[in-house]
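Structural features, examined
Read off the chains here:
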Amino acid sequence: MPSFLQASAAILLCAATLVDAASLPNPRNSERAAILAGYNIVNLRIEGINTIYEAPIFSGPRNVTTPSGGTHLCDGTNDGANPTPGNTCTDALDAASKLARFPFDGTYDAEFQDFFITSISTTTETATEFWGLLLNYQFTPVGGCQQEVQPGDHVLWAFNAFNAVYFLKAEPEVVAVLPGKSAVVTVTDGMSGVPVAGAEFAGQLSNAEGQVTITGTKPGVNVYKATRSDSIRSNAVVVTVI
Ligand SMILES: *[C@@H]1O[C@H](CO)[C@@H](O)[C@H](O)[C@H]1NC(C)=O
């Protein structure tokens, strides 16, 4: 599936960047360290009309440019939100847009010193549907250039987030099953942790406990996401029938 292939490619490119940084000769390491101060890797997911990005991304403080907002520093010190520069949610978005080659746009609010994201890839806000930002499945209290992120954080840019009932989360993310055997995937609301019934996953609907039972048929690898019409689709789950 395209999203999985795209994610794999992004992981490989990301790994290549890290290897490159690590293999530099010693004299340049301090220089490189200074340039990469505040950089880290987060798990980024961008859910628009389709999944736009879902993979780890290596990013850090930078000047972000959008067609409608211009170029502005984006490093967590925006509007005095943090005392020191660091990687932010919008830095991750910007890095992913360059890596995976999709555009994004946003206006710039001089008062908050932050971008208001209006469009990512081909998913653009409407009068009633906006892009929302969640860090570890909670709405961020500040904008994307003010919200710093820690290594391994889950950053979710979700379209129509403010009208979503649930932010679906499917676990485990990797499932291996033998032909004729079965495995259970559980769908919850990432924000509250409650099980979500009636979410479609691999052609089935989750039960009251949020569970879907996958039965292995023919060997192969498939990638599924849980969906519900009133909710933000889940992370990808890789199901391998061994
Ligand atoms: C942002 O741009 C300014 C002006 O060109 C430059 O001095 C600064 O180093 C840049 N900051 C980052 C984090 O790239």
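Up top is the structure.
The structure displayed is predicted, hence computed values, not measured ones.

Burial analysis of strand S2 (residues 51-59) places 8 of its 9 residues in the buried class, which makes it a mostly covered element. Summarising the sheet, strand S1 (residues 40-47) and S2 pair through 8 bridges and their orientation is antiparallel. Each bridged residue has a counterpart across the sheet, and for Asn43 the counterpart in S2 is Pro56.

This paragraph deals with the pairing of strand S12 (residues 174-177). The side-chain alternation of S12 yields one buried face, formed by Val175 and Val177, and one unburied face, formed by Val174 and Ala176. Here 4 bridges tie S12 to strand S18 (residues 236-241), and the two strands are oriented parallel to one another. Opposite Ala176, over in S18, you have Thr240 as the bridge partner.

Before going further, it helps to spend a moment on the nonpolar core. The biggest cluster of nonpolar side chains holds 27 residues, and the ones touching the most others in it are Leu44, Ile46, Ile120, Val155 and Trp157. For this core, the elements supplying multiple residues, two or more each, are S1, S2, helix H3 (89-99), strand S6 (114-120), strand S8 (131-135) and strand S10 (154-159). Apart from residues lying up to four places away in sequence, Ile46 is in contact with Thr51, Ile52, Tyr53, Leu93, Phe102, Ile120, Trp131 and Trp157. If you look at the next biggest cluster of nonpolar residues, it comprises 16 residues, including Ala183, Phe201, Val212 and Val241.

By the definition in use, this model includes 8 salt bridges. For Glu47, the salt bridge is made with Lys225, and the minimal N-O distance between the two is 2.8 Å. Of the two residues, Glu47 is situated in strand S1 and Lys225 in strand S17 (residues 220-225); the sequence distance between them amounts to 178 residues. The class of Glu47 is buried, set by a relative accessible area of 1%. Residue classification places Lys225 among the buried positions, given a relative accessible area of 16%. Between Arg62 and Asp91 there is a salt bridge whose closest N-O contact spans 3.8 Å. Of the two residues, Arg62 sits in strand S3 (residues 62-66) while Asp91 sits in helix H3, which places them 29 residues apart along the sequence. Across this residue pair, the class does not change: Arg62 and Asp91 are buried. Taken together, the shared-partner salt bridges connect Arg45, Glu47, Glu54, Lys225 and Arg233 into one network.

Okay, the sheet that holds strand S13 (residues 182-189) next. One open sheet accounts for 3 strands, arranged S11-S13-S16; its pairing is antiparallel. Bordering the open sheet on either side are strand S11 (168-171) and strand S16 (211-215), each of which pairs with just one other strand. Between one strand axis and the next, the sheet turns through 25 degrees on average, direction left out of account. Where S13 lies against S16, 5 bridges are found, and the strand directions are antiparallel. In the strand pairing of S16, Val185 is matched with Val212.

Picture the strands of a sheet paired through backbone hydrogen bonds; they go either parallel or antiparallel. The strand order across the open sheet formed by 3 strands is S5-S6-S7, and the pairing between neighbours is antiparallel. Both outer strands of the open sheet, strand S5 (104-109) and strand S7 (123-124), are each paired with one neighbouring strand and no more. Where S5 lies against S6, 6 bridges are found, and the strand directions are antiparallel. Residue pairing in the sheet places Phe104 in a bridge with Ile120 of S6.

The rules we used
- Residues numbered from 1 in each chain as written.
- Predicted model: local features only at pLDDT ≥ 70, side-chain atom pairs only at ≥ 80, totals over all residues.
- Heavy atoms only, no water.
- Buried < 20%, exposed > 50% of the residue type's maximum accessible area, 1.4 Å probe, protein only.
- Helix = DSSP H or I, 4+ residues; strand = E, 2+ residues; numbered from the N terminus.
- Pairing = 2+ DSSP bridges.
- Core = buried A, V, L, I, M, F, W, Y, C linked by side-chain atoms within 4.5 Å.
- Contact = heavy atoms within 4.5 Å.
- Salt bridge = Lys/Arg side-chain N within 4 Å of Asp/Glu carboxyl O.
- Axes fitted to C-alpha atoms, helices over the stretch in contact; angles between N-to-C directions.

Purely geometric stuff here, so don't read any function into it on its own.
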